Amino acid sequence: MFDQLLHGFSIALSTQNIFLVFTGAFLGTVIGMLPGIGPINAIAILFPIVLQFELTPSSALIFFAGIFYGSQYGNSISSILLNVPGTSSAAVTCIDGHPLARQGRAGPALAMSAIASFSGGVLSIFLLILFAPYLSKLAIDFGPAEYFVLMVCAFTALTSFSHGSFIKALFSAILGLAIATIGIDELSFGGMRRFTFGVEELGDGIDFIVVVIGVFAIGELFLYLSELSSDTVQKIAPLNKVMMSFKELKESFAGILRSCITGFLVGVLPGAGATIASFLAYSTEKKMAGASGKFGKGDLRGVAAPESANNSSAVGSFIPLLVLGVPGSETTAVMLAALITLGVTPGPTMLTDQPDMFWGVAASMFIGNLVLIILNLPMVKLLAKILLIPRWVLMPLIAILSIVGVYVLNGSEFDLLLMLIFGVIGFIMRKTGFPLAPLILGLVLGGLIEVNFRRALTYSYGDFSTFFESPISIGLWIITLLSLVAPLFFKVLKKGRTQG
Amino acid sequence: MTRKLLLLASVLSGFMLANPAISMAQEKLSGTECLAPAGAGGGWDFTCRVPAAQLMQKLNLIDGAMKVVNMSGSGGGKAFSHVVTTRNNDEKLIVAASAATATRLAQKVYGDYKADDVRWVGALGMDYGVIVVSKDSPLKTLDDLVQKFKSDPRKAIIVGGSSVGGWDHIKALLVAKAAGIKNLRSITYIPFDNGGKAMLEVISGRAAAFTGDASEVIGQLKAGEVRILAVLSDQPIPALSGAKTAKEQGYDVVGGNWRAFYAPAGISDDAYNYWVSAVKAVAGSPEWTALREKNGLAEFTSFGKDFDAFVRKQIENVAEISKELGVTK
């Protein structure tokens, strides 16, 4: 294995591939920072260039992978500084990242995000190298029933919003679930159109990004405008130290490790994804911290957990792609499509047909992550200064970027209208104290939970016992129960301790 | 950040301006465009990028570069309606199409639009349908699967990478119909996000068989994870070593996902013939043969009037089985 890794490095360290890793990682960071334009668009836009230069499949994948994990670094930056996540998985980072920025701790939050992204990224590359063949079996063993239970488990992340009003969080999540039902139902005969109200454009459903940008970025813009007229613009505390204390770093480290493993495992599954990984990691850390944390009000651990998880989930999603030839996420699906166009036959034979690919990409990931941390840490100070830009300059800029980002997605004016509608919804939710993150959780889980529920019951001809058959399902039910009961148990325990 | 933004902007605009030098060729169309009715990646995008944009320029069939535009929505319906309503006279435009286009026209997924609303240019490759099972499956022949359909449909669930009533589903039902099964809805089909994921269902043993395209299964086939029960082609396909056709096993079913182009209905005959001969030239080039084989596509060509008739025939067949299935009225 060591030989193979060395061989991988010999590929990744060629001048061309170093250039590709560097460019990919850098472009990825920038793209991740911009609302709306995600790695999927970036890869689609850059694909013709790859064809033009006749890159080998391995080099192309090294480049695409760089964009992918680079964007996982970048997407936390706008979440923390502006409360505007670039992708749905970064919505979790907003929960604690933005309050930190408001308290004048943008520096430590950004630094923590870079460090957590790096640690999660690098650790998961080791997991990728060591366990890829075994974990690919997990991807095969996960059927619709197991996915359904996993989604139920992910839903318990909602309980970590109990500090505000749990009912409000639940309402947000249900709104997300409702939005997810809009569109053509691919599982019914003749493709039933659900909740499209005769609007042709709603047939394809509503894109996640449109909702994320609308609710977060445009909602934030409306909030700013309303505060402007009432002269109560929220003050942002002056910038404090750039780095966190060593103690804070030490406190976060166990969480980064746990989140990395959670994120990686979720990433390996071709039917889950980075958003679910981020939510699961966040809620686990919140529950572990118990009352000691300031989760939701600005806790560095609340930034570390999702950032570690979404990076390791990005790395994990390469396992089904490289070992089975099956794309696990939309981003890896675009990558695979590009590889097919370059003449790669998708399937398990990719490992033997393209011997350079697996190890070349794995080695390039080490280099890419190193490049990213070197790039990102010194930039923290500079980036934090964005907060010093007057909001009347910043907000129109965000509006322009949002509009461009959403339009680039499908080239549809209708999406822009939807974005505005969701902006209004986001504004009302902010004004009335409904948390935004559960909406994204509901939206992402909604489609998956329904489609897997129906697939599983189609397999079993309506027999519900299918959800309790495999050891994986039973294990996931136990985790679900534990995550519901554990916080109560901790509470009772603490009460007992203070009384006794 | 602004500096980075500027950089990104300049990089992006650089790509847009990257237009290779324009040659002085006469009568060749310049400023041509291929519309892919879906996002980047996937069959329609490939059809635009490789045989159209890449090879038409390389073979000097068009003047300058061809622009590829992706327009996703309603399974190609958005692009179809865009062409009919706003580009009806655009002689510089061709649009990628496949068997899925015909399926959706037949099932009225594109509203009231019909095959007549565009001009069918030509096809230059075919991804033949296959039915595969896991390497450990007790099903050895197509007869075995058909027997299971009849005797124990609960143990003969099929999966594929497109929606219920979609082309993958229909291909499997064409086999069932050829076997004389009357109640087609007794056969359970479960759709997955893509062919790869659906195949994992077969490999894991949860589903009995996978219905899809040859190019989707070649990797798993070479790895020995799956066996082909039947190929839905006229002749055995060399790339699928030794796999029997459905015809050889007594089921007269041929079906595949052809790769083709259509053009707007309002263009002149000259422009139409221009595109027909351009697609013909690409289809006959050794460059295309190499790329076609690399992408797991079998040889299949049909142009102009012949292709138009072919598409209509297919729409008729799909409409008929869709009616029996209850997908459409």
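Calculation notes
Residues numbered from 1 in each chain as written. Chains lettered and ligands numbered in written order. Predicted model: local features only at pLDDT ≥ 70, side-chain atom pairs only at ≥ 80, totals over all residues. Helix = DSSP H or I, 4+ residues; strand = E, 2+ residues; numbered from the N terminus. Buried ≥ 20, exposed ≤ 12 C-beta atoms within 10 Å, placed from the backbone. Rg over C-alpha atoms; globule rule 2.2 N^0.38 Å. Contact = placed C-beta atoms within 7 Å. Domains from an automatic or database assignment. Nonpolar A, V, L, I, M, F, W, Y, C, P; charged D, E, K, R; others polar. Expected span 1.5 Å × (residues − 1). Bend = angle between axes of the 7 residues up to and from the residue. Pairing = 2+ DSSP bridges. Core = buried A, V, L, I, M, F, W, Y, C linked by C-beta atoms within 7 Å. Axes fitted to C-alpha atoms, helices over the stretch in contact; angles between N-to-C directions. Parallel < 35°, antiparallel > 145°, perpendicular 65-115°, else oblique. Left-handed = near helix turned anticlockwise from the far one by under 90°. pLDDT = per-residue confidence, 0-100.

1. Description of the overall build of chain B
Phase 1 of the analysis: Of the regular secondary structure elements, chain B holds eleven helices and ten strands.
Phase 2 of the analysis: Structurally, chain B occupies a C-alpha span of about 65 × 45 × 40 Å along its principal axes.
Phase 3 of the analysis: Taken across its 329 residues, chain B has 55% of its residues classed as buried.

2. Details of the overall build of chain A
Phase 1 of the analysis: Across its full length, chain A holds 20 helices and two strands.
Phase 2 of the analysis: The C-alpha atoms of chain A give 22 Å as radius of gyration, which agrees with the globular expectation for 500 residues (23 Å, within 12%).
Phase 3 of the analysis: Its C-alpha atoms put chain A at 65 × 60 × 55 Å along the principal axes.
Phase 4 of the analysis: The proportion of buried residues among the 500 residues of chain A is 56%.
Phase 5 of the analysis: Here the analysis covers contacts within chain A between residues at least 6 apart in sequence; of these, 81% occur between residues at least 24 apart.

3. Focus: the domain arrangement of chain B
All names here are of chain B.
Phase 1 of the analysis: Looking at chain B, the domain boundaries give domain 1 (32–127 + 257–325) and domain 2 (128–231).
Phase 2 of the analysis: At the interface, 16 residues of domain 1 touch 14 residues of domain 2.
Phase 3 of the analysis: For the side of domain 1 that touches domain 2, the leading source of residues is helix H11 (residues 304–325), giving five residues.
Phase 4 of the analysis: A class-by-class count of the residues in the side of domain 1 that touches domain 2 yields eight nonpolar, six polar and two charged.

4. As for helix H16 (residues 355–384) of chain A
Phase 1 of the analysis: Here H16 of chain A contains 30 residues, and its C-alpha end-to-end distance of 43 Å stays within 8% of the 44 Å for a straight helix at 1.5 Å per residue.
Phase 2 of the analysis: If you look at H16 of chain A, its biggest bend is around 40°, right at Pro 378 of chain A.

5. What to know about the pairing of strand E8 (residues 226–231) of chain B
Residue and element names in this part refer to chain B.
Phase 1 of the analysis: Most of E8 is tucked away, with five of its six residues classed as buried.
Phase 2 of the analysis: Looking at chain direction, strand E4 (residues 118–134) and E8 are connected through five bridges and run antiparallel. Following the sheet pairing, Val 132 is matched in E8 by Ile 228.

6. Focus on helix H7 (residues 195–203) of chain B
Phase 1 of the analysis: Among the nine residues in H7 of chain B, nine count as buried, and that is most of the element.
Phase 2 of the analysis: Within H7 of chain B, the full set of buried residues consists of Gly 195, Gly 196, Lys 197, Ala 198, Met 199, Leu 200, Glu 201, Val 202 and Ile 203 of chain B.
Phase 3 of the analysis: Here the buried face of H7 of chain B lies against helix H6 (106–141) of chain A together with E4, strand E5 (158–160), strand E7 (209–213), helix H8 (214–222) and E8 of chain B.
Phase 4 of the analysis: Just downstream of H7 of chain B, Gly 205 of chain B is the residue with a positive phi angle, here 90°.

7. Description of the interface of chain B and chain A
Phase 1 of the analysis: The partner chain A presents 43 residues to the 45 residues of chain B that form the contact.
Phase 2 of the analysis: Looking at the side of chain B that touches chain A, the elements with two or more residues in it are helix H1 (2–17), helix H2 (43–58), strand E6 (189–191), H7 and H8 of chain B.
Phase 3 of the analysis: Residue classes in the side of chain B that touches chain A are distributed as 17 nonpolar, 19 polar and nine charged.

8. Re the nonpolar core
Phase 1 of the analysis: With 277 residues, the main nonpolar core has Ala 338 of chain A together with Val 132 and Ala 209 of chain B as its most contacted residues.
Phase 2 of the analysis: In terms of residues, this core owes the most to one element, H6 of chain A, which gives 15 residues.
Phase 3 of the analysis: Excluding anything up to four places from it in sequence, Val 132 of chain B contacts Val 202, Ala 209, Phe 210, Val 217, Val 226, Arg 227, Ile 228 and Leu 229 of chain B.

9. Quick notes on unusual backbone geometry
Peptide bonds are mostly trans, and most non-glycine residues show a negative phi.
Phase 1 of the analysis: Phi at Asn 60 of chain B is positive, roughly 60°, even though this residue is not glycine.
Phase 2 of the analysis: Mapped onto the elements, Asn 60 of chain B comes out in the loop between H2 and strand E2 (67–70).

10. Regarding the packing of helix H4 (residues 57–82) of chain A against helix H12 (residues 300–316) of chain A
Residue and element names in this part refer to chain A.
Phase 1 of the analysis: It is at 9 Å that the axes of H4 and H12 come closest, and there the two elements cross at 165°. By the angle class used here, H4 and H12 are roughly antiparallel. In this structure, H4 meets H12 at a crossing whose hand is right-handed. Across the interface between the two elements, Phe 68, Tyr 69, Gln 72 and Ser 76 of H4 pack against Glu 307, Asn 310, Asn 311, Ala 314 and Val 315 of H12.
Phase 2 of the analysis: Of the residues assigned to the contact of H4 with H12, the class counts are four nonpolar, four polar and one charged.

11. A short note on the pairing of strand E3 (residues 93–98) of chain B
Residue and element names in this part refer to chain B.
Phase 1 of the analysis: Counting buried residues in E3 gives six out of six residues, a clear majority hidden from the surface.
Phase 2 of the analysis: Sheet topology note: the strand E1 (residues 33–36)/E3 ladder contains three bridges and is parallel. Each residue of the ladder has a partner; that of Cys 34, found in E3, is Ile 94.
Phase 3 of the analysis: Where E3 lies against strand E9 (residues 256–264), four bridges are found, and the strand directions are antiparallel. Following the sheet pairing, Val 95 is matched in E9 by Tyr 262.

12. Observations concerning the confidence of the model for chain B
The predicted coordinates should not be examined in detail at positions where pLDDT is low.
Residue and element names in this part refer to chain B.
Phase 1 of the analysis: Put simply, chain B has an average pLDDT of 87, and 91% of its residues get 70 or more.
Phase 2 of the analysis: Taken as a whole, residues 1–26 scores under 50 in pLDDT and shows 15 contacts with residues more than four places along the chain or in a different chain.
Phase 3 of the analysis: Of the two predicted TM-score estimates for the complex, the pTM is 0.87 and the ipTM is 0.87.

13. Examining the environment of Ala 198 of chain B
Residue and element names in this part refer to chain B.
Phase 1 of the analysis: Along the chain, the position of Ala 198 falls in helix H7.
Phase 2 of the analysis: Residue classification places Ala 198 among the buried positions, given that 24 C-beta atoms sit within 10 Å.
Phase 3 of the analysis: In the structure, Ala 198 is positioned 104 residues away from Ser 302 in sequence and 31 Å away in space, judged by C-alpha atoms.
Phase 4 of the analysis: In this structure, Ala 198 is in contact with Val 159, Gly 160, Gly 161, Phe 192, Phe 210 and Gly 212, ignoring residues within four places of it in sequence.

14. Details of the packing of helix H3 (residues 39–52) of chain A against H4 of chain A
Residue and element names in this part refer to chain A.
Phase 1 of the analysis: Running from N to C, H3 and H4 cross one another at 155°; their axes reach a closest spacing of 10 Å. As summarised for this structure, H3 and H4 are arranged roughly antiparallel, according to the angle between their axes. Seen along the crossing, H3 lies across H4 with a hand that is right-handed. On H4, the residues touching Pro 39, Ala 42, Ile 43 and Val 50 of H3 are Ala 60, Phe 63, Phe 64, Ile 67, Phe 68 and Ser 71.
Phase 2 of the analysis: Class assignment for the residues of the contact of H3 with H4 results in nine nonpolar, one polar and no charged.

15. Details of the confidence of the model for chain A
Phase 1 of the analysis: Summing up the model confidence of chain A, the mean pLDDT is 88 and the portion of residues at 70 or higher is 96%.
Phase 2 of the analysis: Mean pLDDT per element in chain A: helix H20 (residues 471–499) of chain A is the minimum at 80, and helix H18 (residues 413–432) of chain A is the maximum at 95.

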